[in-house]
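Fold and contact review
Single-letter residue listing:
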Amino acid sequence: MLKLYDFLLSGNCYKVRLLLSLLGLEYESITVGLKAGEHKKPPFLELNPFGQVPALTDGAVVLRDSQAILVYIARRYGGTDWLPEEAAALGSVMQWLSTASKEIANTVATARLHYLFGTAIDITTVEKQSYALLQVMDQHLATRHWLASDRPTIADIACFPYIGLAADGKLSLDAYPHIVAWVERIKQLPGYVGMPGL
Ligand SMILES: N[C@@H](CCC(=O)N[C@@H](CS)C(=O)NCC(=O)O)C(=O)O
């Protein structure tokens, strides 16, 4: 049985829950008490020494990092639907997984952390960087329905949560109609599940 070490309000955990649901996979969700600091203590540190959720176990397989977990689930249980094999298409997915773990994490996700959890940051700079990122993504989506392919892939699943949750970071998507349409397309996928704020 797949076990997801999970936290309801984490967009990184949510992207894993979303893919599991889109694939119709059963799993056990184990809440890690972030407020109590469970993620910084054993036994959780044995799963992820970096002390962050999500982590996933599948029998003897133990994985940390939401992007890596999406790759594993897509390849192990989804064939090539969500993670293509062909070199250029795979590279295209990877570039968006990388964008999720750096540019999106450092901008829109950081603004959300600030307003929702009180994390101290330079919000003026983060706001500026967030809108620069949204501009690039909006332009990219102006000519295509999905980020990396002519069908949805884990590139979309990885980038979706913190973009869809932009309002939590007091960021408006009003000037980015192609992003808004993409968010709506994801919400229409069979098996879609939401999270608080989405
Ligand atoms: N690159 C990691 C980042 C994971 C991450 O930032 N997790 C957050 C929750 S969304 C966390 O555990 N924060 C607690 C901490 O870092 O102490 C991923 O994509 O899974």
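Residues numbered from 1 in each chain as written. Predicted model: local features only at pLDDT ≥ 70, side-chain atom pairs only at ≥ 80, totals over all residues. Heavy atoms only, no water.

- Labelled according to an unreviewed UniProt entry, the protein chain appears under the name Glutathione S-transferase, originating from Stenomitos frigidus AS-A4.
- Quoted verbatim from the Sequence similarities (unreviewed entry) field of the UniProt record, the comment on the protein chain reads "Belongs to the GST superfamily." (UniProt positions renumbered as here; feature names shortened; annotations may be inferred.)

Focus: the UniProt feature "domain: GST N-terminal" (unreviewed entry) in the protein chain
- Per the UniProt annotation, the sites labelled "domain: GST N-terminal" (unreviewed entry) are residues 1–81.
- Taken end to end, residues 1–81 is 35% helix and 22% strand, and its two terminal C-alpha atoms sit 22 Å from one another. (Helix = DSSP H or I, 4+ residues; strand = E, 2+ residues; numbered from the N terminus.)

Overview of the pairing of strand β2 (residues 27–31)
- The sheet contact formed by strand β1 (residues 2–6) and β2 spans five bridges and is parallel. When the bridges of β2 are listed, Leu2 appears paired with Tyr27.
- The β-α-β motif built from β1, the intervening helix α1 (residues 11–22) and the parallel element β2 has right-handed crossover chirality. (Pairing = 2+ DSSP bridges. Right-handed = clockwise from strand over helix to strand, strands pointing away.)

Brief notes about the domain arrangement of the protein chain
- Annotation of the protein chain at the domain level lists domain 1 (2–77) and domain 2 (87–187).
- Contact residues are listed per partner, giving 13 residues for domain 1 and 11 residues for domain 2.
- Buried area between domain 1 and domain 2, summed over both chains or domains, comes out near 1100 Å², and the portion from carbon and sulfur atoms is 77%.
- It is Leu9, Lys15 and Gln67 that lose the most area in domain 1 upon contact with domain 2, and together they represent 38% of the buried surface on that side.
- Our count for the domain 1 to domain 2 interface comes out at zero salt bridges.
- For the pair domain 1 and domain 2, the number of links is four residue pairs in polar contact (both at pLDDT 80 or more).
- When its residues are assigned to classes, the side of domain 1 that touches domain 2 shows eight nonpolar, four polar and one charged. (Domains from an automatic or database assignment. Contact = heavy atoms within 4.5 Å. Buried area = accessible area lost by both parts, 1.4 Å probe. Salt bridge = Lys/Arg side-chain N within 4 Å of Asp/Glu carboxyl O. Polar contact = N/O pair within 3.5 Å; in protein donor to acceptor, adjacent residues only side chain to side chain. Nonpolar A, V, L, I, M, F, W, Y, C, P; charged D, E, K, R; others polar.)

Thoughts on the nonpolar core
- Counting 53 residues, the largest nonpolar core has Met137, Ile154, Ile163, Ile179 and Trp182 as the members making the most contacts within it.
- Mapped onto this core, the elements with two or more residues apiece are β1, α1, α3 (66–77), α4 (87–106), α5 (108–117), α6 (123–141), α7 (154–164) and α8 (177–187).
- At eight residues, α7 tops the list of elements feeding residues into this core.
- When residues are assigned to domains, this core turns out to be shared by domain 1 (2–77) and domain 2 (87–187), each giving three or more. (Core = buried A, V, L, I, M, F, W, Y, C linked by side-chain atoms within 4.5 Å. Buried < 20%, exposed > 50% of the residue type's maximum accessible area, 1.4 Å probe, protein only.)

Notes on the sheet that holds β1
- Here four strands make up an open sheet; going across it, the order is β2-β1-β3-β4 and the pairing mixed. The open sheet has two edge strands, β2 and β4 (61–64), and neither has a second partner. Recorded for the sheet is a direction-independent mean angle of 15° between the axes of neighbouring strands.
- Judged from the four bridges that link them, β1 and strand β3 (residues 55–58) form a sheet pairing that is antiparallel. The partner of Tyr5 across the bridge, within β3, is Ala55.
- Sheet strands touched by α1: β1 and β2. Its angle to β1, the strand with the most contacts, is close to 150°. (Axes fitted to C-alpha atoms, helices over the stretch in contact; angles between N-to-C directions.)

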